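Here are the chains, one letter per residue:
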Amino acid sequence: MIGVRKIGRPMDLKERSYLVEVARGLAISMAHFARNVVKQDEMPTIQYPEEKRVLPERFRGRHRLTQREDGTPRCVACFCCQTACPADCISIEATEREDGYEKVPARFDLNILRCVFCGLCVEACPCDAIRMDTGKYELSGDDRGSLIYDLNTLLKD
Amino acid sequence: MAKITLNGIEREVEENSYLIRAAARCGVHIPHYCYHPALKVEGNCRMCSVEIEGVPKLQTACTTIVRDGMVVNTESEKVVKVRSEVMEFLLRNHPIDCPICDQAGECGLQDYYMEHGLHDSRVTVAEKVKKKKRVDLGPNVVLDSERCILCARCVRFCKDVTGTAELVIANRGSHAEITTFPGRPLTNDYAMNTVDLCPVGALTSRKFRFKCRVWFMERAESICPGCERGCNIYLDRFQNEIQRMKPRVNPRVNGYWICDAGRLDIDWINTNRLLRAEEGGRPIAPEESDREAASALSKGDEVLLVASPSMSNENLFALKKFSEKVLPGSELVGGSFREPWEDDGILRLPDRNPNRKGMEAIGIPTGIEKALATSRGTVLLFENDLLGDQPHLGAKLEGKKVIAFASNRTATVAAADLAVPVTSYAEMAGSFTNHAGRTQPFEPAIRPEGEARPVHEILHRIAAFLGSDLNAASFDALRSEMLEKVSALSMAVPDGREAEHVG
């Protein structure tokens, strides 16, 4: 059995009436209301989505895969990002290419539903092939399939 | 025995043994690349240099034979310095390929650099000597000359083990590289062992190339089902798929090698599998298939059970028990044998059935032709593809009720009245008895595909429907019962773990 000890905290008449505290609370709210009506441009609320917050420089948004100057993906399918990912959201399939670069990704699927935006994949990449600098954070879709980004989607940005 | 002092501790070692081997037996690992316990010594990598008292210069431990009273230091200041410098030489022209190199993660250069190197490079990437990348040495082996450290393990393997001598080192200095003679590609039946031998990523397997990074894989100890040799293997898995097969050292059976045919024969484990029980092509639930099989057996017709020499001892034992205890009137014979191949004098033995000896020990007779000719009623085929392997026997199945227990979709499965999925050797524990009567256990490498179950479990369920207890549901209990009743199948203690070594 858990013992219950009652601690007496007797309230005086002012406290028991509640009226004083209610009036004080209302005063604070009304003061804010008045300030917002008079000085509208100082209001901290942002009118999203018409108005958007300025992102910090190192904001981690949706990933993208970078390209070389000749338009081929920089990714060499080394699997370092897949290894580093704590959320297990990247899955790569590697293949061989006959011209130039030996190892290239045949598939690069990034499950944004699983992603925790930690940025470890970017840290791990030895080729600067994956970045999170798109500034995109409005990631929604009608079905789960559309939120698993493939190689072409990630290369487009 | 000879007495040597190794790093200040007096040790008794085998006389006339190489110092590197003697030290390994004492638990002292001397780093090395070109030395391999199964190959002739060459002493070209200089990584195993050690200090021997009374000898002015460092000696390579792989070419030095121990002598009584020898005082050896493997960790002296001089040795440590030389090791790091040897590493620097070996890495002088080594490309920065780790991200795309299949060896990364199990690479001798990576391991020893972290342990003995840790120097800053004095050359830029542009200064490194460029060589041929991606040379097809043969159908199964790809060479990257830039990564090669010229340890010549592969050259010695082809010269001394297979005797085919396809590989040679051509050119000199920084331009030296492994190559084949014109028109003589690396086609011997053991060529892929050079990939295992290669301490760096110079030789890679065509089949495994870029398939999976090695750090993702987990391995299980298994036995190759390719022939009656019973080579000890590792099965490496990733995402419930067998990615590759590697030899597991066992001096009593296969030494350090396995043949390419065995190594490449892994695709069937994950493809074309029978995933659900099917009755005339219609998928049914496992309980339903057990009940169906039981009701077919309870009709009192003549029953023929056909075992296979590819089944594990435990499954064969359960089947034998099933035929004696549950269906006393039935006939049990050993079935389809795979076509023999040639004994190549190295590992491959003619009989391609991994467990014929086990089947004999358990007491399952052969003679399927006669049994099929005389049988009238129901035929139960276990891991037998009669229609595919032996069509002349398959024809004798016509007009009979056929229940096929199979891991893969074969012609027989397609024609069977009832097909029940069973696990392949990679998905269950079991044992095979090899040509020399050595019973070797294997462990499951992956989870069963689909609704596949081990044969002994299915037999136990069918027996339960027929009102008897086969006592074969638990694998451990079944194995101990088998070992108790069939003394010829006592397990061998795996050998040769001590012989394993880095890179």
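Residues numbered from 1 in each chain as written. Chains lettered and ligands numbered in written order. Predicted model: local features only at pLDDT ≥ 70, side-chain atom pairs only at ≥ 80, totals over all residues.

Topic: the overall build of chain A
- Per the secondary structure count, chain A includes five helices and five strands.
- The order of α-helices and β-strands along chain A, N terminus first, is α-α-β-α-β-β-α-β-β-α.
- Computed over C-alpha atoms, the radius of gyration of chain A comes to 27 Å, more than 25% over the 15 Å expected from 2.2 N^0.38 for 157 residues, which places it beyond the range of a compact globule.
- The buried share of chain A, reckoned over its 157 residues, is 19%.
- The long-range fraction of contacts in chain A, counting pairs at least 24 apart against all pairs at least 6 apart in sequence, stands at 69%. (Helix = DSSP H or I, 4+ residues; strand = E, 2+ residues; numbered from the N terminus. Rg over C-alpha atoms; globule rule 2.2 N^0.38 Å. Buried ≥ 20, exposed ≤ 12 C-beta atoms within 10 Å, placed from the backbone. Contact = placed C-beta atoms within 7 Å.)

Some words on the overall build of chain B
- Per the secondary structure count, chain B includes 16 helices and 22 strands.
- On the principal axes, the C-alpha backbone points of chain B span a range of 85 × 50 × 35 Å.
- When the 503 residues of chain B are sorted by exposure, 47% land in the buried category.

Considering the sheet that holds strand β2 (residues 90-96) of chain A
All names here are of chain A.
- Spatially, the three strands line up as an open sheet ordered β2-β3-β5, and their pairing is antiparallel. At either end of the open sheet lies a strand with only one pairing partner, and these are β2 and β5 (148-149).
- Pairing between β2 and strand β3 (residues 103-111): seven bridges, direction antiparallel. By the bridge assignment, Ala94 is partnered in β3 with Pro105. (Pairing = 2+ DSSP bridges.)

Remarks on the interface of chain B and chain A
- The interface is formed by eight residues belonging to chain B together with eleven residues belonging to chain A.
- For the side of chain B that touches chain A, the per-class residue count stands at four nonpolar, no polar and four charged. (Nonpolar A, V, L, I, M, F, W, Y, C, P; charged D, E, K, R; others polar.)

What to know about the domain arrangement of chain A
- Per the domain assignment, the segments making up chain A are domain 1 (13-42) and domain 2 (64-156).
- For domain 1 of chain A and domain 2 of chain A, the distance between their C-alpha centres works out to 52 Å. (Domains from an automatic or database assignment.)

Points about helix α9 (residues 313-326) of chain B
- Relative to the 20 Å expected for 14 residues at 1.5 Å per residue, α9 of chain B spans 19 Å between its end C-alpha atoms, a close match to the ideal helical length.
- Buried within α9 of chain B are the following residues: Asn313, Glu314, Asn315, Leu316, Phe317, Ala318, Leu319, Lys320, Lys321, Phe322, Ser323 and Val326 of chain B. (Expected span 1.5 Å × (residues − 1).)

Remarks on the environment of Arg53 of chain A
All names here are of chain A.
- Of note, Arg53 is situated in the loop between α2 (19-38) and β1 (64-65).
- Classification of Arg53 as exposed rests on a count of 9 C-beta atoms within 10 Å.
- Between the alpha carbons of Arg53 and Asn36 there is a distance of 20 Å; along the sequence they are 17 residues apart.

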